[in-house]
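# Remarks on the overall topology
So the chains spell out like this:
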Amino acid sequence: MTSPTANATAAASCAAPDQSAPLPSSVDLTRETVITGIVTNAEGDAVGGAYVRLLDASGEFTAEVVSSPEGVFRFFAAPGSWTVRALSRHGNGELAVDAGVGVNEISLNVATA
Amino acid sequence: MSRDTALVSADWAEKNLETPGIVFVEVDEDTTAYDGGHIPGAIKIDWKKDLQDPIRRDFVNQEQFAALLSERGISNDDTVILYGGNNNWFAAYAYWYFKLYGHGDVKLIDGGRKKWELDARVYSKDVPVREKTTYVAQAPDLSIRAFRDEVVEAIGVKNLIDVRSPDEFAGRLLAPAHLPQEQSQRAGHIPTALSVPWSKAANEDGTFKSDEELAKIYGEAGLDGSKDTIAYCRIGERSSHSWFVLKELLGHENVKNYDGSWTEYGSLIGVPIALGDEPGKA
């Protein structure tokens, strides 16, 4: 069973859900490809408020979220090659990800260029 | 319309925070961003609570829009400066409403909340109190709003621009990749629609690309300047962003936003749908 509430939210909205919230129970991890992680700065501290974007294999923009105060971000993608890129007032950073079905966890470091 | 009349820079905004007759409005789907800090003096509009009808599947009507603006203290002769998160998607959507209901002077902050944040400009948590007004909304200008029957008739006739991501266009995803994918409607796109993701029009910091770059993007995608254009996405807010580019920045004449977009079209019985990366045939 999926949760009607979570479905309604997804259908009605294009805005980013709370990034630090636990995965909704409606998310089926045998089907969904979740790319999640934490944005950190050079000192290893979490960076909240960073703009984290998901780029597809051709470098095309696919989605963007704002990291939570704990630096957490999350995407619902599909299996394949992706790039996760973060922009913040503390600097930028990016990482290539080969994602598979289930939860794919990464750590993304940002530094002043 | 042009860039000079429809857009202001973050610098301009910061210099005009105290200017009388200018109202800054943050528009978001999730207003916790506003509550945690906003451009000093800005009021908020909640895309869902304030701009959607609570019962019918539609947005606020003329009377509801007038009541909202009156309650928020916006006058007909105020200059309204909109900005928001999600690369100004919801601010562009609200801009489209202001135009639809005939507001005189409304502009977007180029780059919205993201540019403000990346520039490390100041936020305030103070919520301004504005005196109520008696706002008068005009009858909706339907020359900028497309409905479903018109969209079906436009297949192979007008420019249809699908501004969702390439994977949503092709039918590989049903929603943007920051949302869970479970949904019931069909995937794909309206046959003959050109795929021009909204993001092509924006720089990484959320600002709009130059007019020359924008004209090149739509030209290379195959947009026929002699035809009318209808833009759509999933729920009509990303297509407001592209509508803004085509109508307000590039000055194309007959451009409509189909706010029913894919959540409506992809649930209709019997309409044609194309799958894959190509526009498909009428």
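Residues numbered from 1 in each chain as written. Chains lettered and ligands numbered in written order. Predicted model: local features only at pLDDT ≥ 70, side-chain atom pairs only at ≥ 80, totals over all residues.

- Labelled according to an unreviewed UniProt entry, chain B appears under the name Sulfurtransferase, originating from Actinoplanes lutulentus.
- The UniProt entry for chain B carries the following comment under Catalytic activity (unreviewed entry): "thiosulfate + hydrogen cyanide = thiocyanate + sulfite + 2 H(+)". (UniProt positions renumbered as here; feature names shortened; annotations may be inferred.)

### Quick word on the overall build of chain A
- Counting secondary structure elements, chain A contains 1 helix and 7 strands.
- The N-to-C order of helical and strand elements in chain A reads α-β-β-β-β-β-β-β.
- Of the contacts formed within chain A by residues at least 6 apart in sequence, a portion of 52% connects residues at least 24 apart. (Helix = DSSP H or I, 4+ residues; strand = E, 2+ residues; numbered from the N terminus. Contact = placed C-beta atoms within 7 Å.)

### Regarding the overall build of chain B
- Counting secondary structure elements, chain B contains 11 helices and 9 strands.
- Since a compact globule built from 282 residues should have a radius of gyration of about 19 Å, the 18 Å found for chain B is in line with a globular shape.
- If you line up chain B on its principal axes, its C-alpha atoms span 55 × 40 × 40 Å.
- Long-range pairs, those at least 24 residues apart, make up 76% of the contacts in chain B with a sequence separation of at least 6. (Rg over C-alpha atoms; globule rule 2.2 N^0.38 Å.)

### Comments concerning the nonpolar core
- Grouped together as the largest cluster of nonpolar side chains are 69 residues, with contacts concentrated most on Ile81(B), Leu82(B), Ala94(B), Tyr95(B) and Tyr97(B).
- Residues from two domains meet in this core; each of domain 1 (3-140) and domain 2 (143-265) of chain B gives at least three.
- Not counting the four nearest positions on each side in its chain, Leu82(B) is found in contact with Val25(B), Val27(B), Ala91(B), Ala94(B), Tyr95(B), Val106(B) and Leu108(B).
- If you look at the next biggest cluster of nonpolar residues, it comprises 22 residues, including Leu54(A), Ala77(A), Trp82(A) and Leu87(A). (Core = buried A, V, L, I, M, F, W, Y, C linked by C-beta atoms within 7 Å. Buried ≥ 20, exposed ≤ 12 C-beta atoms within 10 Å, placed from the backbone. Domains from an automatic or database assignment.)

### Structural notes on the confidence of the model for chain A
All names here are of chain A.
- In this model, chain A carries an average pLDDT of 82, and 81% of its residues clear a pLDDT of 70 or more.
- Here helix H1 (residues 4-12) stands out as the element of chain A with the lowest mean pLDDT, 36, in contrast to strand E5 (residues 80-88), whose mean of 96 is the highest.
- Confidence over residues 1-12 falls short of pLDDT 50; this stretch has 18 contacts with residues more than four positions distant or in other chains. (pLDDT = per-residue confidence, 0-100.)

### Here we look at the sheet that holds strand E2 (residues 22-28) of chain B
Residue and element names in this part refer to chain B.
- Ordered in space as E1-E5-E4-E2-E3, the 5 strands form an open sheet in which the pairing is parallel. Strands with a single pairing partner mark the edges of an open sheet, and in this sheet they are strand E1 (7-8) and strand E3 (43-46).
- Bridge analysis of E1 against strand E5 (residues 105-109) gives 2 bridges, and the strand direction is parallel. Directly across from Val8, in E5, lies its bridge partner Ile109. (Pairing = 2+ DSSP bridges.)

### Points about the packing of helix H5 (residues 89-100) of chain B against helix H10 (residues 238-249) of chain B
All names here are of chain B.
- At a minimum axis separation of 7 Å, H5 and H10 run at an interaxial angle of 65 degrees. Where H5 crosses over H10, the handedness of that crossing is left-handed. Contacts between H5 and H10 pair Trp89, Ala92, Tyr93, Tyr95 and Trp96 from the former with Arg238, Ser240, His241, Trp243 and Phe244 from the latter.
- A class-by-class count of the residues in the contact of H5 with H10 yields 7 nonpolar, 2 polar and 1 charged. (Axes fitted to C-alpha atoms, helices over the stretch in contact; angles between N-to-C directions. Left-handed = near helix turned anticlockwise from the far one by under 90°. Nonpolar A, V, L, I, M, F, W, Y, C, P; charged D, E, K, R; others polar.)

### Here we look at unusual backbone geometry
Residue and element names in this part refer to chain B.
- Here Asn86, not a glycine, exhibits a phi torsion of approximately 50 degrees, which is positive.
- Along the chain, Asn86 turns up in the loop between strand E4 (79-83) and H5.
- A residue is classified by how many C-beta atoms lie within 10 Å of it, and Asn86, with 30 of them, is buried.
- Of note, Ala120 is a non-glycine position whose phi angle comes to about 55 degrees, a positive value.
- Here Ala120 shows up in the loop between helix H6 (112-118) and helix H7 (148-154).
- Looking at Ala120, the number of C-beta atoms within 10 Å reads 9, which means it is exposed.

### Quick look at the sheet that holds strand E4 (residues 72-77) of chain A
Residue and element names in this part refer to chain A.
- Taken in spatial order, the 3 strands make up an open sheet running E4-E1-E7, and their pairing is mixed. One side of each edge strand has no neighbouring strand; the edge strands of this open sheet are E4 and strand E7 (102-109). Shown here is a sheet whose adjacent strand axes are inclined to one another by a mean of 20 degrees, direction ignored.

### Considerations on the UniProt feature "domain: Rhodanese" (unreviewed entry) in chain B
- Here, the residues flagged by UniProt with the feature "domain: Rhodanese" (unreviewed entry) are residues 18-125 and 160-274 of chain B.
- Secondary structure over residues 18-125 of chain B splits into 31% helix and 19% strand, and the C-alpha atoms at its two ends are 16 Å apart.

### Looking at the environment of Leu174(B)
- The topology assignment puts Leu174(B) in the loop between helix H8 (166-170) and strand E7 (194-195).
- Each C-alpha atom of the pair Leu174(B) and Gly188(B) lies 8.1 Å from the other, and the pair is 14 residues apart in sequence.

### Notes on the domain arrangement of chain B
All names here are of chain B.
- The assigned domain composition of chain B is domain 1 (3-140) and domain 2 (143-265).
- Of note, the centres of domain 1 and domain 2, computed from C-alpha atoms alone, are 23 Å apart.
- Taken together, the contacts link 20 residues of domain 1 with 18 residues of domain 2.
- Those elements that place two or more of their residues in the side of domain 1 that touches domain 2 are helix H1 (3-6), H5 and H6.
- It is H5 that provides the largest number of residues to the side of domain 1 that touches domain 2, a total of 8 residues.

### Some details on the confidence of the model for chain B
- On average, residues of chain B score 94 in pLDDT, and 97% of them reach the 70 mark or higher.
- Both scores are given for the predicted complex: the pTM is 0.88, the ipTM 0.77.

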